[in-house]
Amino acid sequence: MISIKGLHKRFDQLEVLKGIDLEVEKGKVVVVIGPSGSGKTTLLRCLNVLETPTSGSIGIEDQSLDFSSSVSKKAVPPFRRLTGMVFQSYNLFPHMTALENVMEGPITVKKESKEAVRKKAEQLLTKVGLGDKLDYYPFQLSGGQQQRVGIARALAMEPKVMLFDEPTSALDPELVGEVLKVMKDLANEGMTMIVVTHEMRFAREAADEVIFMDGGFIVERGKPEDIFTSPKEERTKQFLRLIQ
Amino acid sequence: MKMFLNSIIADPERVSRLIDIAQSSLQPLLKGAILYTIPLTLITFVCGLILAVLTALARISSVKPLQIIARIYVSAIRGTPLLVQLFIIFYGLPTIGVVIDPFPSAVIGFSLNVGAYASEIIRAAILSIPKGQWEAGYSIGMSYPQTLKRIILPQASRVSLPPLSNTFISLVKDTSLAAMILVTEMFRRAQEIAATNYEFLLLYLEVALIYWVICFILSIIQGRLEKRMDRFVS
């Protein structure tokens, strides 16, 4: 389903991704962990082409982009629509209500009819537990609520893969649970997900696979129980010791 | 009014003459405002804003030649007096065969001026919108123009409303310079009336008062607009 080959990303002198190869099967939940600066967020942003990789290729379903040659600007937006992105800082549109945030993509990008989109958006917001907050502006919502709107906004585009970039890192501790619950529900429905997070409990409970990244490489990957109880690589052990 | 004037001017005949002139000149002055000052302001502001958005986008684009053209334009307009610009268009261009009527000359001159000044306001406003807003737009599949139009400009317009209102109010008053290129707007009419009766102080005070009233009304509208646009921020 997702096939990443030889992915490199360089910012001027700094090489953040030094050759990532990764295959993800449909319906799997992959959690990416690792110290800051390890390249995990950059990997996620490359999948959404918010960063243009320096070289390598990314394939999602039957579409692929090869960054070793220059990629045409026209090819990027349709490729982006295969993935939905959830940001650490939510990035909701502050001038739109929760409902309008969710409706924006389908209306502006997919040119769907307003009535149909409204219905779908209401369903999505109800699904993330915000059916009673449709007409609230982002500033009237808590962080956890905003992030759930962010998830609904991404889902409204019907992506094949959902990408979560530290979705709970900016939240007060008591609001983390409500966001993780929505994510778990999504996972149980069979959504393919790649999640960058520091929530090890979520990784244990919801992940099919855990990937440990460090220094721009995938150091180790495996089932969550294996990674968390018997990591093979020294760096993985060190990292897990530090966060526990 | 009459009593007030009587107290500072001893000659009662002069007082009634002044009041007569003030009253009879009010209609032509307002006519100048309605036929020229206000339309000139509105037309130029709209043209100038369009020019300003385009210039701002050119300045923040990654295309070097566009950036340079925008920079030169802004620098040239901001670095030369508005009156000189108007004279170049109206009195200068005819010497190379380009003859433009007074009103369109004024529209061109003021639009170029508003475009240059407002472009800096709009550029700053666009840059003040967090990068995450662009990314959020892109992440749901929007193109650059779609993100700009739907996400960035609505937020940037809120940020730029107070400084743009300033530009607008300045423009109302600056249109009096069009008198110098024969546009029969309000100030020119005041000059013409004063030239026949020599009551310069009266006429110029009267015209100043009308400008003040117009600008006062505008600042009330600005306040309302700001309140409306602030509905989505705490």
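Note that the structure is predicted; figures quoted are calculated from it, not measured.

## What about the UniProt feature "domain: ABC transporter" (unreviewed entry) in chain A?
Following the UniProt record, one finds the feature "domain: ABC transporter" (unreviewed entry) at residues 2-240 of chain A. For residues 2-240 of chain A, helix accounts for 36% and strand for 26%, while the C-alpha atoms at its two ends are 27 Å apart.

## Describing a nonpolar patch on the surface
Residue and element names in this part refer to chain B. A grouping of Leu209, Trp212, Val213, Phe216, Ile217, Ile220, Ile221 and Leu225 is seen on the molecular surface, where their side chains present a nonpolar patch of about 810 Å² in accessible area. When you line up the elements, Ile220 lands in helix α9 (residues 200-229). Accessibility expressed as a relative area gives 41% for Ile220, which makes it partly exposed.

## Re the layout of surface pockets
A water-sized probe rolled over the atoms picks out the places where empty space is left. Considered as a void within the structure, the largest pocket measures approximately 750 Å³ in volume. For the largest pocket, the lining is made up of 21 residues, of which A:Val49, A:Lys73, A:Arg80, B:Tyr138 and B:Tyr144 are closest to its centre. Of the residues contributing to the lining of the largest pocket, the split by class is 10 nonpolar, 5 polar and 6 charged.

## A closer look at the sheet that holds strand β8 (residues 192-196) of chain A
Residues and elements named next belong to chain A. Across the sheet, 6 strands lie side by side as β6-β7-β8-β3-β9-β10; this open sheet has mixed pairing. Whereas interior strands pair on both sides, the edge strands pair on one side only; in this sheet they are β6 (83-86) and β10 (217-222). When strand polarity is set aside, the average angle formed by the axes of neighbouring strands in this sheet is 20°. Lying on the sheet, helix α9 (residues 234-243) is in contact with β3 (29-33), β9 (209-214) and β10; it crosses β9 at an angle near 100°.

## Focus on the side chain of B:Ser176
Residues and elements named next belong to chain B. Here Ser176 shows up in the loop between α7 (144-174) and α8 (186-197). The exposure class assigned to Ser176 is buried, which follows from its relative accessible area of 18%. Ignoring sequence-local partners within four residues, the contact set of Ser176 consists of Glu185, Phe187 and Tyr211.

## Thoughts on the sheet that holds strand β4 (residues 55-60) of chain A
All names here are of chain A. Taken together, 4 strands build an open sheet; the order of strands is β2-β1-β4-β5 and the sheet is antiparallel. Pairing within the sheet leaves two strands with one partner each, and these edge strands are β2 (14-24) and β5 (63-66). Here the average twist between neighbouring strands, direction ignored, is 15°. Pairing analysis gives 5 bridges linking strand β1 (residues 2-11) to β4, with the strands arranged antiparallel. Among the inter-strand pairings, Ile4 is bridged to a residue of β4, identified as Ile58. The sheet strands contacting helix α1 (residues 40-47) are β1, β2 and β4, and the helix crosses β1 at an angle near 115°.

## Regarding the packing of α7(B) against α9(B)
All names here are of chain B. Look at α7 against α9: their axes get within 10 Å of each other, and the N-to-C directions meet at 170°. Considering their axes alone, α7 and α9 lie roughly antiparallel with respect to each other. Of the residues in α9, those touching α7 at Ser157, Arg158, Leu161, Pro162, Ser165, Phe168, Ile169, Val172 and Lys173 are Tyr211, Ile214, Cys215, Leu218, Ser219, Gln222, Leu225, Glu226 and Met229. Broken down by class, the residue content of the contact of α7 with α9 amounts to 11 nonpolar, 4 polar and 3 charged.

## Considering the interface of chain B and chain A
Interfaces are often described in size by the accessible area the parts lose on coming together. The partner chain A presents 24 residues to the 20 residues of chain B that form the contact. Note on chain B versus chain A: buried area summed over both sides is about 2,000 Å², and carbon and sulfur give 61% of it. Considering only the surface of chain B that becomes buried against chain A, B:Ser139, B:Ile140 and B:Phe232 emerge as the three largest contributors, covering 31% of it. At the junction of chain B with chain A, the criterion picks out 2 salt bridges. Measuring nitrogen to oxygen at the nearest pair gives 2.5 Å for the salt bridge that ties A:Arg45 to B:Glu135. Run the count over chain B and chain A and you get 6 residue pairs in polar contact (both at pLDDT 80 or more).

## So, the pattern of salt bridges
All names here are of chain A. If you walk through the whole model with that rule in mind, you get 24 salt bridges over all chains. Linking Asp185 and Lys181 is a salt bridge whose minimum nitrogen-to-oxygen distance equals 3.1 Å. Of the two residues, Asp185 and Lys181 are both situated in helix α6 (residues 173-188); the distance of 4 residues between them amounts to about one turn of the helix. On the accessibility criterion, Lys181 (52% relative accessible area) is exposed.

What counts, and at which threshold
- Residues numbered from 1 in each chain as written.
- Chains lettered and ligands numbered in written order.
- Predicted model: local features only at pLDDT ≥ 70, side-chain atom pairs only at ≥ 80, totals over all residues.
- Heavy atoms only, no water.
- UniProt positions renumbered as here; feature names shortened; annotations may be inferred.
- Helix = DSSP H or I, 4+ residues; strand = E, 2+ residues; numbered from the N terminus.
- Patch = residues over 30% accessible without salt bridge, like charges linked within 9 Å, V, L, I, M, F, W, Y side chains within 5 Å.
- Areas by Shrake-Rupley, 256 points an atom, 1.4 Å probe, with all protein chains shown as cover.
- Salt bridge = Lys/Arg side-chain N within 4 Å of Asp/Glu carboxyl O.
- Buried < 20%, exposed > 50% of the residue type's maximum accessible area, 1.4 Å probe, protein only.
- 1 Å grid on protein atoms, 1.4 Å probe; cavity = no way out; pocket = protein on both sides within 12 Å on 5 of 7 lines; lining within 4 Å.
- Points joined across faces, edges and corners; volume = space filled by probe spheres on them.
- Nonpolar A, V, L, I, M, F, W, Y, C, P; charged D, E, K, R; others polar.
- Pairing = 2+ DSSP bridges.
- Axes fitted to C-alpha atoms, helices over the stretch in contact; angles between N-to-C directions.
- Contact = heavy atoms within 4.5 Å.
- Parallel < 35°, antiparallel > 145°, perpendicular 65-115°, else oblique.
- Buried area = accessible area lost by both parts, 1.4 Å probe.
- Polar contact = N/O pair within 3.5 Å; in protein donor to acceptor, adjacent residues only side chain to side chain.

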